Amino acid sequence: LFILAGAMIIASPFLSGLFYAAKRAYYQDTYKQFINTYFVGFKKHWWKYLILGTIVTAVLLGESSAIVQLLSLKQLGLETAGHYAAAILPAIVGFPVVMVCLAMMGLTVTHQLTFKQTFKNAVVVIANNLFFVPVTAAVSLVPIVGFAMGTMPAIITYLVMAAAGFSLIALGWVAMADRGMIKCKSLKKYYSKKHLAEVRKAAKANAEYNAPAKKPQAKQAYQNPKKKKKK
């Protein structure tokens with residue numbers, strides 16, 4: 001587990017170039033050479049991916065260690081409710097953290113934001129896509145299970161991921177970041193218009209309520225024009 005965790009941390013900065021190339025392909029704005037595109041992304045974002053990759057690795061390592069310990073104790077018949085809680089609770093807390101980090105990886109290359117702004121927008125995107133983001137995150141974590149199952153499954157998983165898996169995952173998160181932000185902007189625009197209409201309606205009603213009452217004009221008595229001329 002620790003060897004796999006170290007490999008994930010070392011590999012995480014190199015995902016920046018892959019995600020950047022995936023972004024270029026998604027927007028159909030690629031350079032003539034893939035290598036140039038890759039290293040442009042690596043130069044811009046490698047340190048952000050190193051931080052995010054380290055956080056994801058730490059969460060997965062803690063959860064994996066708890067599961068391995070639970071399985072070992074279960075074989076000996078020494079497991080308790082506390083061991084089950086130690087294996088389940090970190091997963092409940094850690095999975096949202098992993099989702100935020102993966103969403104930030106997509107937003108980092110698709111939008112020009114600071115690291116703090118990327119975090120805030122990732123939380124908003126997840127809150128407005130409570131089905132697709134968890135599903136995409138779960139699919140992205142499936143290869144880790146293959147790497148941890150043994151030598152032959154790890155080799156097969158590596159070949160599949162090297163051939164197409166990493167590229168598909170990168171495209172998935174780039175698409176998620178793009179569509180998620182479009183949805184959030186559309187919702188913001190809709191609610192802004194709705195709120196503005198409500199404010200105008202309330203202001204109009206308030207103005208009508210506070211307007212001074214108009215005094216009724218006194219009716220002038222009818223006067224015969226002929227009598228008026230005689231005077």
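In this text, all values refer to a predicted model and were calculated from it rather than measured experimentally. (Residues numbered from 1 in each chain as written. Predicted model: local features only at pLDDT ≥ 70, side-chain atom pairs only at ≥ 80, totals over all residues. Heavy atoms only, no water.)

1. Let's talk about the packing of helix H4 (residues 81-110) against helix H6 (residues 132-148)
Contact geometry for H4 and H6: axes closest at 10 Å, N-to-C directions at 90°. By the criterion of interaxial angle, the relationship of H4 to H6 is roughly perpendicular. Between H4 and H6, the contacting residues are Phe 95, Val 98, Met 99 and Leu 102 on the first element and Val 133, Pro 134, Ala 137, Ala 138, Ser 140 and Leu 141 on the second. Within the contact of H4 with H6, the residues separate by chemical class into nine nonpolar, one polar and no charged. (Axes fitted to C-alpha atoms, helices over the stretch in contact; angles between N-to-C directions. Helix = DSSP H or I, 4+ residues; strand = E, 2+ residues; numbered from the N terminus. Parallel < 35°, antiparallel > 145°, perpendicular 65-115°, else oblique. Contact = heavy atoms within 4.5 Å. Nonpolar A, V, L, I, M, F, W, Y, C, P; charged D, E, K, R; others polar.)

2. Side note on helix H2 (residues 15-26)
In this model H2 runs 16 Å from its N-terminal to its C-terminal C-alpha over twelve residues, within 8% of the 16 Å that 1.5 Å per residue would give. Burial of H2 is extensive: nine of the twelve residues sit out of reach of the surface. Phi for Gln 28, located one or two positions after H2, is positive at around 55°. (Expected span 1.5 Å × (residues − 1). Buried < 20%, exposed > 50% of the residue type's maximum accessible area, 1.4 Å probe, protein only.)

3. Focus on the side chain of Ser 16
Mapped onto the secondary structure, Ser 16 falls in helix H2. Ignoring any residue separated from it by four or fewer positions in sequence, one finds Ser 16 in contact with Gly 41, Phe 42, His 45, Trp 46, Tyr 49 and Val 109.

4. Regarding the confidence of the model for the protein chain
Fine structural detail should not be taken from predicted coordinates in areas where pLDDT scores are low. Residues with a pLDDT of 70 or more make up 80% of the protein chain, whose mean pLDDT is 82. Helix H8 (residues 225-230) is the least confidently modelled element of the protein chain, averaging 56 in pLDDT, while helix H5 (residues 115-127) averages 93, the highest of any element. (pLDDT = per-residue confidence, 0-100.)

5. Quick notes on a nonpolar patch on the surface
Together, Met 152, Ile 155, Ile 156, Tyr 158, Leu 159 and Val 160 line one region of the surface with nonpolar side chains, adding up to about 620 Å² of accessible area. Mapping Ile 155 onto the fold places it in helix H7 (residues 151-210). (Patch = residues over 30% accessible without salt bridge, like charges linked within 9 Å, V, L, I, M, F, W, Y side chains within 5 Å. Areas by Shrake-Rupley, 256 points an atom, 1.4 Å probe, with all protein chains shown as cover. Salt bridge = Lys/Arg side-chain N within 4 Å of Asp/Glu carboxyl O.)

6. Digging into the packing of H4 against H5
Contact geometry for H4 and H5: axes closest at 8 Å, N-to-C directions at 115°. Considering how the two elements wind past one another, H4 and H5 form a crossing that is right-handed. For the pair H4 and H5, contact is made by Met 99, Val 100, Ala 103, Met 104, Leu 107 and Thr 108 and by Phe 115, Thr 118, Phe 119, Asn 121, Ala 122, Val 123 and Ile 126, respectively. (Left-handed = near helix turned anticlockwise from the far one by under 90°.)

7. Overview of H5
An α-helix turns once per 3.6 residues; consequently, residues spaced three or four apart project the same way. Its 13 residues give H5 an end-to-end C-alpha distance of 19 Å, which sits within 8% of 18 Å, the value for a rise of 1.5 Å per residue. Those residues of H5 that fall on the buried side of the exposure criterion are Thr 118, Ala 122, Val 125 and Ile 126. Buried residues of H5, seen end-on, are gathered within an arc of 95° and therefore sit on one face of the element. (Arc of directions from axis to C-beta.)

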